[in-house]
Structure formats: structure tokens, C-alpha cells
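Each chain, written out:
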Amino acid sequence: MVEQEVVVKNRLGLHTRPAASLVKLAAKFKSEIFLERDGYRVNGKSIIGVMTLAAEEGARILLLCEGEDEKEALAALADFFDRGFDEP
Amino acid sequence: MNPDKVQERKEIVLRGIGASPGIAIGTAVILKKHGVVVEEKVAEPSQEMERLQKSIDRSAYELQKIYRTAVDKLGSEKAGIFEAQLLMISDPIFFSGVKKRIDGEKKNVEFIVSDEFSKQADQLRKSDNELFRQRAYEIEDVKNRILRNLTEAKLKSKFDGKSIVVTSDLTPADAVLLSRNEVLGYTSDFGGARSHASILSRSLGIPAVVGLKEITKHIEDGMKVVLDGYHGVVVINPSEETARKYEEKKKWCDQLDSELITEAGQPALTTDGRRVFVEANLELLEELPLLKSHGADGIGLFRTEPLIIDADSIPDEETQFQTFKKAVVEAAPDSVVFRTFDIGGDKLFIGDHDEPNPFLGWRGIRMMLDRPDMLKEQFRAILRASAFGKSKIMYPMVASIEEVVKANAILEESKASLDSEGIAFDRDIEVGVMIEIPSAALMSREIASHVKFLSIGTNDLTQYLLAVDRTNDLVANVFDEFHPSVIRTVKHIIDSGHDAGVKVAMCGEMAGNPLATVMLLGLGLDEFSGVVSTLPVLKKIIRATNYKSARKFARQLLKLDSSDDVKKALVEYLKTRFERIYHTTISEEYVE
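Since this is a predicted model, take the numbers as computed values, not measurements.

**A short note on helix α16 (residues 401–420) of chain B**
All names here are of chain B. The end-to-end C-alpha distance of α16 is 29 Å, a good match for the 28 Å that 20 residues give at a rise of 1.5 Å each. All of the buried residues in α16 are Glu 403, Val 404, Ala 407, Leu 411 and Ser 414. Viewed end-on, α16 has its buried residues packed into an arc of 95 degrees, placing them on one side of the element. The outward face of α16, more than 90 degrees from its buried face, is lined by the exposed residues Glu 402, Val 405, Ala 409, Glu 412, Ala 416 and Ser 420. At its buried positions, α16 is contacted by α14 (365–370), α15 (372–386), β12 (391–395), β13 (430–435) and α18 (444–448). A positive phi of about 70 degrees marks Gly 422, the residue just after α16.

Okay, structure coming up:
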């Protein structure tokens, strides 16, 4: 199990479109992926779950990955957060 | 239901918000959504799994169809919300949770699906952020679609060309679907005039009354309904007399409409030769084809905020440019006034911030000056569009000259950056200021010396002059755009603008209100900008009015010291000179 704290950087937060991209990215990995905010945890491969995080700009999210490709998964997801989901 | 019983029932009059103009008389068809009562039952898991899969498949098929129609009719940006619903409906994690519960608890699929979706929607509703709370509706929409398909009720067969749809809340998906089913009109318990579905219904030309609070409680399938989208009135079980009254009114309206549309192409010229301009306030690109048919002299207010709402993010320069370009090309040879993002207040927030007084807070040009990168991006998009047709720029929520100077400086930077990249734009692009804050109204002469035009925003101006929050029900009756102070301020702004040698326009609700037309004309207003549907009416009134008499009438109105007297005089004027317009378009709040 690996984990890392990340921050939502884009202006409108983790709304529908970035949530969809995030889930698609997570689905590429075999590991189990979770996102946790203030103790509320959701499955990173569920768009409905990710949306319910209601993570706005500046929200801190804990990424947790567990499985054979956990390191790669964590790096890819953290990078996606870091890029502000490729949004303004 | 027994048809005799329907006849016996008492007439019920409900008042809501007229979201889309027109009169419809037809039969109620209730679109059940939130009202689906889900019972908890014991059920055989394997059978329930099969039912669930069938419903998911059917729902996905429907959504794909809606998505494709939406892409055609509305463009791929706006269709994005249906694409997201498609993703939800195939969320593997969520549905494996549902299946686990069906297997473990041996309960009916309706109960478990409903319970699981509601949990997620409730979670979203806890957010402090309006944008995220809105997402709860999308989840509810997906839930209701699955539940509806579980009962295998076929929606479409219920419509027969005489249907008026009654629902608790209309979603954009419903509006798109209904437009293909020859529905006469729709009404709902919730929603406002600015909700997405209301805007769509106006574009699609379907009369609508929303915000009726409890219409779904009063109505049953098959009841006769009259819907008056002009005045926001719905009559259930109309008496013969009421029905006749509305039939007649509908005939009038239809006839007047066709007359007005026929004459709409003629210039807004008074009988004694004063030429003014009648322009459109635009919310959606879908309204563009209506410009010419409704005689618009261009677009006097192009709201750019809907781009944010549609894209669910701040659209980049290229997206904005493509949208703006479509508008200027369609409006040519007339011009388009692009208002820079006016977010905040009741409109939309960026990120998570809570203000005790949003209307007095971080909004309009204040926000944009704090985010110069965003403003520059928008300026560049407008400037690029100006190479394809006449464009103008307008700053909202200006309180002081310094803001105009700062924004102008950023505009110059944007021009320089385009120059250095060799991108073409209109060097003489005109800049104007929206006058909607009392301080700006008082300083309008000085502000006018920094720009090429002023445009009066009466909604906010009224709100700030009278210190009344127009979204607060408790004081909504205090909000009064015919208050003498508002009219005198409008006069001051027009005179100041003219002193400084610039044109003065108005893009607030008042500009589109036929009751105010003669007064505004008499006060010297140069340009009227209102919703597209109202423009032919304004032109008709202007073309039949003598400017000199209007000036005299306006002078008399300026002497009045109460709003009631002003309204009485205006109602009387319209009633005696434009009786049909009076009867078909004037909201009943003025007719007491």
C-alpha cells in the first residue's frame, strides 16, 4: 500500500469532467485505488464515488493505491492532480 | 378516471414564474420522477439481477439517443452532461455494490438502487459549493431513469399532440426529449426562469411556467390545463368561461405574434423620425437564428457566463473565440456587445468561498481584475472574433473610474499580445460600461469620457438603489424598477452620457418591458436591449409613437413621487394606445 497527499489545483475543482478523466486513468491500473477526504473514502474507479468527494480548488485528497502496480498508479494519479487535471 | 368527475372538479389557479412565453391549452400528462414511490420487498436475487441489467441497458440506450440529439441541437459542449450520465450508468464499482446488496439482502432492485443512489446524492448535497450540490440532480436523474425503466413504462406513448407536461422538476434531458414529442407546454413545481431547462424551453419555443411549488399535488393525468407563459399562470380544470377567455387570448396572441413578426424587419423609427435601436440580450447560441426574424439590430448584451456553466469550467480562449465568432458572423452587419464574465452575486461562484453579502461582494469586473489572466484570455477571444464581425466589449459591475482605467490597460496589453503574434482584430473596437451601481450612475459623465458607450442594467441598479435583495422572498415586493428614484437615475445616466457625447443603451429587464418603452424613448434612450421574443413588440410601439410627445410624457412622469402613480400612468397609456399588446404581454402584477 502506498499513499500520498495531493491538492486540487484547477479553478472549478474535481467536477464531472475531470472526475471522468480521473476514473478512466485509474481504470488502466490493476491496483485498487482509493481517494480519501477528511476521512470520507471513495473508490477511484467509480465516477459516482469520485464526484461525491465534492473536492473544490484547494481541497486536500489522500491517494491510496494497493496492488502489483501501485507505485505507477500513485505516480500517474498524483501527476494528474498536479497538472490541475489539464484544466485552467 | 371517470371523465364526468374531471368535469365536476373545481377550477384551481396557480401562480408561478413565466419561464417561456405563449399560451397552451391541453391535457395534463404527469411525468413522474421524484414521486416514484419505492417499496421495500423481498425478492429473488437472480430475477432482480436480470431486471437490473435490462433497465441499465435500456437507460444507456436512451441516454445515447438523448446525447446524440443534444449534440445536434445544442453542440457537444452542452451535451457533455449527458455523456457524464452515460459514464455513471456504467459505473462498475457502484453497480457491483448494488448487486452485492441484492444478493445479500434478497430485496427488490428498486429499493436497493434507490437507496444507493440517494446516499450518493445526499453526500453531494452536503457540499458548501453550489456547483457540486447541483451535481446531486444529475445523480437523481440517472436514478429516476433506471427506476422508470424498471417499471417498463413507455413514456412516449403518453403524448398525443395535446399534452401539457407536469413534473416536479424539469431536467435538460426532459426538455430535449419533449421537444421531439410535440408537447404543447410544460409546468413544474421547482425551477426558475434562469434554470437551464427554462432557457432551453425558450429557445425551443415551448411555453412554460415553472416554480409552481405544488402543482403535482393538485393535478391528475388527463385533467384539462391552461398554461399562460406570459404571466406565469396555470389553471387546472378551467371553467367554461376561463377556457373561453384563454382560447380567445391565444387567438389574439397568435394573430398579434404573426403581425408583429411580419413588421419586425422595419427600422425602429418614431413617427417624427427619431431612430433608435432595438437589440437582443442573448443567453444561448441557439437563439441566433431568431435575431433576423425578430428584427434585432444586433446583440446588445451577449452574456458570457453561460459558457462557464455549460463547460463546467472556465472555457479556454479558443472555445470562447469559436463561440463569439459564431455570434458576430450571425449578427453581421450589426454589432455584438460582449459583456465580460459577470460571475458572483446570484450567478455563480468560482471555487469555494462563502460571502455574507454576495451581491455586495466579489463579482463582475472586481473578480476579473483580481484574475487578470482570465480577463486577458477573454479579451483576446473577443478581439479575435472582432476580425469576423463588429464586436464591442462591456464591463459589468463597475463602481469607480479606476476599474475602467485598469480594465482598459489590460485590454491594451491583450491587443499588444495579439499584434506580436500577428493575429488580426478590430483596432477601433468600442468599449462600454454597464451602469448598475449607484456610484457609477452618479459618476456616469466622468466614466463616459473613458469609453464609447454606457448600458444601464436596471435589475442591479434597482436592487442597489432600493437596498433590496431581489432573490430574498421576504423583501421581493420592495423591489420595484418603476420607483421614481430609479427613473430619475436612468434620466441622469442618459443625460450624462449624451453630455459626454456617447450613446446610452439599456440591457436590464426594463428595456424589454413594453410598459416602459414610451417612457424610455422619451427619456432619450438610444438603444433598447431585451430578450429576443419581446423585440417585435418594442418596435411596434416605437414605430407608432411620436418622439416629441414621448418626451413630454416622460417629463410628466419624472414629476411623480410614487411608483404606483408611475405604473398607473404607464398602464393607462399602453391600454389606450396599444390595447392588444397590453392584453397579451403585460404581467398581471401591474394590473390591479
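**Details of the sheet that holds strand β4 (residues 163–167) of chain B**
Residue and element names in this part refer to chain B. An order of β1-β8-β7-β3-β4-β5-β6-β2 is seen for the eight strands of this open sheet, with the pairing classed as mixed. Each edge of the sheet is formed by a strand with only one pairing partner; in this case those strands are β1 (12–15) and β2 (17–20). Strand-to-strand, the axes of this sheet are offset by a mean angle of 30 degrees, without reference to chain direction. Direction of pairing for β2 relative to strand β6 (residues 208–210): antiparallel, over a ladder of three bridges. Residue Ser 20 lies in a different strand from β6, and its bridge partner there is Ala 208. Most of the contacts of helix α10 (residues 240–263) go to strand β3 (residues 23–31), to which it runs at about 115 degrees, and overall it touches β3, β7 (224–228) and β8 (233–236).

**Regarding the interface of chain A and chain B**
With 20 residues of chain A in contact, the opposing surface of chain B contributes 24 residues. In terms of residue count, helix α2 (residues 47–51) of chain A provides more of the side of chain A that touches chain B than any other element does, four residues in total. Counted by class, the side of chain A that touches chain B contains seven nonpolar, seven polar and six charged residues.

Rules behind the numbers
- Residue positions are counted from 1 within each chain, in the order its sequence is given.
- Here every chain gets a letter starting at A, and every ligand a number starting at 1, in the order they are written.
- Local features in a predicted model are, by the rule used here, given only for residues with pLDDT of at least 70; side-chain atom pairs are given and counted only at 80 or more, and totals for whole chains, interfaces and linings are based on all residues.
- Runs of H or I in DSSP of at least four residues are treated as helices and runs of E of at least two as strands, each being numbered from the N terminus.
- For a helix, the expected span equals 1.5 Å multiplied by the residue count minus one.
- To sort residues by burial, count the other C-beta atoms lying within 10 Å of each one's C-beta; a count of 20 or more means buried, 12 or fewer means exposed, and anything in between means partly exposed. C-beta atoms are built from the backbone.
- Throughout, the arc means that of the directions going from the helix axis to the C-beta atoms.
- Contact between residues is assigned whenever the C-beta positions, reconstructed from backbone atoms, fall within 7 Å.
- Should DSSP find at least two bridges between two strands, the strands are taken to pair.
- Orientation is described by axes fitted as lines to C-alpha atoms, over the contacting stretch for helices, and by angles from 0 to 180 degrees between their N-to-C directions.
- Asp, Glu, Lys and Arg are counted as charged, while Ala, Val, Leu, Ile, Met, Phe, Trp, Tyr, Cys and Pro are counted as nonpolar; the rest, among them Gly, fall into the polar class.

Keep in mind these numbers describe shape, not what the thing actually does.
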